[in-house]
Amino acid sequence: MNDLMIESRDLRFAYEKGTDVLTDVSFSLAEGEKVGLIGRNGAGKSTLLKLLVGLELPNTGTLRIRGIPVERKTLSEIRRMIGYVFQDSDSQLFMTTVEEDVAFAPRNYGFSEEEVEKRVTDALEKVRIPHLRKKSVYKLSGGEKKLASLATILSMTPDIILLDEPTVTLDPGNRSNLIRLLNGLDCSLFIASHDLDFIWDTCSRVLILSEGRIVCEGPSEEILRNGDLLRKNGLELPLSLIQRDRCK
Amino acid sequence: MSRIGQAISEIQTLESVSREDRWMNRIHPLSKLCLTVFYIVLTVSFSKYDLAGLFSMILYPAIAFMTADLSVRDAFRRLRAVLALVAVMGIANPFFDRTAILSFGAFTVTGGIVSMISLFMKAVFTVFAAYLLIATTPMDDICYALRLLFVPRILVTLLLLVYRYLTMLMKEAGRVTDAYLLRAPGQKGIHFRAWGPLAGQMLLRSADFAGVLYESMLLRGFTGEFRPTFRHSLKASDLLWPLGWASVLILLKLFPLVSVLGRLVTGNWN
Ligand SMILES: Nc1ncnc2c1ncn2[C@@H]1O[C@H](COP(=O)(O)OP(=O)(O)OP(=O)(O)O)[C@@H](O)[C@H]1O
Ligand SMILES: [Mg+2]
């Protein structure tokens, strides 16, 4: 049972009474699986990710991470396993330099200074920003902030990484670096994005969130090729697929 | 750059100066904190008429600034607001305290003037000593030293959070005013009619933002205590600097440099 990383059943959640953002969300994610979460603006993707790390708690339904229910008293255990990359990087970074920020989690988890040092170097190299190590986080560009945010999560070597719109501020070069990086990771990934090309390149399975529930799920191959289904949910076929079909 | 932008970058610069790998920065924060407190207490304890004694206290900031390789000009520039405030504080003294202390011909020096100068000197010296500490010790390390002195954890964490949020808050203010000014071309400053909504927005946004940042800390294992970045524990060599200075300062307090020099020159020891 424990090879299920995320298990969500009949999840219901509202920020304000009476207006449910999520009405009935059920899905699961296996160990090492890479899953995309797509849906129109305001569908509730970010909200679902927040529920997974316990930033919000569901009104009803159950949510388990590695078999452990997400509750107030299990939060520290849960958060040790999950890394969450915010949609807005400004919310993620709060220390003065990139280095300090990346070292924040490992230090909190009580690793030795040598280990912290090693993790910081590794994480910065993985996202290819070792040159920004000493830089102040206020002086980073939008894309650099995104990469630094990702490094702050990689340095804590989580079992699951949740990414909220990871490609929004990245240039094409860094976007392909990110794809390569994510494909090389062993941990489970859960990626919320409108960038369907990116989902196509990184995820094997896709969930569509609409009107508070998962309306459709299946292999990327199947879902991302279904133009009608995507259009019905405010999305479009991935560009790379359109071009590939044209070339045929 | 906007004024807020400048303020943020000043804090940033100071913070990065304090993180540079220099001799002064490597001294244990506890040593520097204790020395700073000791110096401030000693300086404040001088009588308000003891200009000569007080003047010798300049030795510590002067030499420490040189040792730390800090720019006095930058310090004056950064501290100008504080110094101006201090200058205003003592300005009333000459009107209240008119007892003559010295007179050169027609010109009389009253107690008020002397106490005004000594107040100003005390303030400048202590502010510079505090600046010296901040410019050579990152905030996290100062807080670490406070914890070693048994200052309650909640106070220290509060101090650190306020320090973190300060930059965020200023950044938020910068963004809001920029957004306003971009849609109010040709206008100098912010019209008073917009102050209310703007301040309200600022408050909501920064409260929200502080909440999100706190969440971000929680998600990365924050449990209410910041880990110091300081690598080594207190060594004998860390004591050399504060103990050395403490002895020099006590000697200066007992035998004011200026009057000792004066007596040497005049040969009058009585
Ligand atoms: N803090 C909040 N308080 C009240 N309502 C909120 C809050 N945050 C989001 N909502 C509402 O919840 C709904 C889902 O928001 P959410 O941010 O999860 O959408 P999303 O799918 O991530 O959208 P996007 O693609 O634009 O990022 C939206 O209708 C939004 O207005
Ligand atoms: Mg979102």
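Calculation notes
- Residues numbered from 1 in each chain as written.
- Chains lettered and ligands numbered in written order.
- Predicted model: local features only at pLDDT ≥ 70, side-chain atom pairs only at ≥ 80, totals over all residues.
- Heavy atoms only, no water.
- Near = heavy atom within 4 Å.
- Polar contact = N/O pair within 3.5 Å; in protein donor to acceptor, adjacent residues only side chain to side chain.
- Areas by Shrake-Rupley, 256 points an atom, 1.4 Å probe, with all protein chains shown as cover.
- Helix = DSSP H or I, 4+ residues; strand = E, 2+ residues; numbered from the N terminus.
- Nonpolar A, V, L, I, M, F, W, Y, C, P; charged D, E, K, R; others polar.
- Phe/Tyr/Trp six-rings, centres within 6.5 Å; stacked < 30°, edge-to-face > 60°.
- Buried < 20%, exposed > 50% of the residue type's maximum accessible area, 1.4 Å probe, protein only.
- Contact = heavy atoms within 4.5 Å.
- Buried area = accessible area lost by both parts, 1.4 Å probe.
- Salt bridge = Lys/Arg side-chain N within 4 Å of Asp/Glu carboxyl O.
- Domains from an automatic or database assignment.

## Topic: the site of ligand 1
All names here are of chain A.
Phase 1: In the vicinity of ligand 1, 14 residues are found, and the nearest of them are Gly-42, Lys-45, Ser-46, Thr-47 and His-194.
Phase 2: Side-chain polar atom of Lys-45 to an oxygen atom of ligand 1: 2.8 Å apart, as the coordinates give it.
Phase 3: Separating an oxygen atom of ligand 1 from a side-chain N or O atom of Ser-46 is a distance of 2.7 Å.
Phase 4: Protein coverage of the free-state accessible area of ligand 1, which is 640 Å², stands at 60%.
Phase 5: When contributions to the shell around ligand 1 are tallied by element, the ones reaching two or more residues are strand S1 (4–16) and helix H1 (45–52).
Phase 6: Among the elements that line the shell around ligand 1, the one with the most residues is H1, at 3 residues.
Phase 7: Classifying every residue of the shell around ligand 1 by side-chain character gives 3 nonpolar, 7 polar and 4 charged.

## Side note on the packing of aromatic side chains
Residues and elements named next belong to chain B.
Phase 1: The tally for this structure, following the rule as stated, stands at 13 aromatic pairs over all chains.
Phase 2: Look at Phe-65 and Phe-128: their rings are 5.5 Å apart centre to centre, the planes differ by 45 degrees, and that puts the pair in the tilted class. One end of the pair, Phe-65, is in helix H5 (residues 59–68); the other, Phe-128, is in helix H8 (residues 111–136), and 63 residues separate them in sequence. Considered together, Phe-65 and Phe-128 belong to a single accessibility category, that of buried residues.
Phase 3: Measuring from centroid to centroid gives 6.0 Å for Phe-65 and Tyr-131, while their planes differ by 15 degrees, and the two rings are stacked. On the criterion of sequence distance, the pair formed by Phe-65 in helix H5 and Tyr-131 in helix H8 is long-range, its members being 66 residues apart.
Phase 4: With relative accessibility at 5%, the residue Tyr-131 sits in the buried group.
Phase 5: Among the aromatic residues, ring-to-ring pairing joins Trp-23, Tyr-39, Tyr-60, Trp-241 and Trp-245 into one connected group.

## Describing the interface of chain B and chain A
Phase 1: The partner chain A presents 29 residues to the 26 residues of chain B that form the contact.
Phase 2: Roughly 2600 Å² of surface becomes buried between chain B and chain A when both sides are summed, with 58% attributable to carbon and sulfur atoms.
Phase 3: Our count for the chain B to chain A interface comes out at 2 salt bridges.
Phase 4: The closest approach of N and O atoms between A:Asp101 and B:Arg220, which form a salt bridge, is 2.9 Å.
Phase 5: Between chain B and chain A we count 6 residue pairs in polar contact (both at pLDDT 80 or more) in total.

## Re the domain arrangement of chain B
All names here are of chain B.
Phase 1: Along its sequence, chain B is organised into domain 1 (20–137 + 234–259) and domain 2 (139–228).
Phase 2: A C-alpha centroid distance of 31 Å is found between domain 1 and domain 2.
Phase 3: Between domain 1 and domain 2 the total buried area reaches about 620 Å² when both faces are included, carbon and sulfur atoms providing 88% of it.
Phase 4: Sorting the residues of domain 1 by area buried against domain 2 places Leu-30, Leu-33 and Thr-137 first, and these three jointly supply 59% of that buried surface.
Phase 5: Viewed at the interface, domain 2 and domain 1 are joined by 0 salt bridges.
Phase 6: Here domain 1 and domain 2 share 0 residue pairs in polar contact (both at pLDDT 80 or more) between them.
Phase 7: Take the side of domain 1 that touches domain 2: its biggest share by element is 4 residues, from helix H3 (residues 29–44).
Phase 8: Across the side of domain 1 that touches domain 2, the residue classes tally to 6 nonpolar, 2 polar and no charged.

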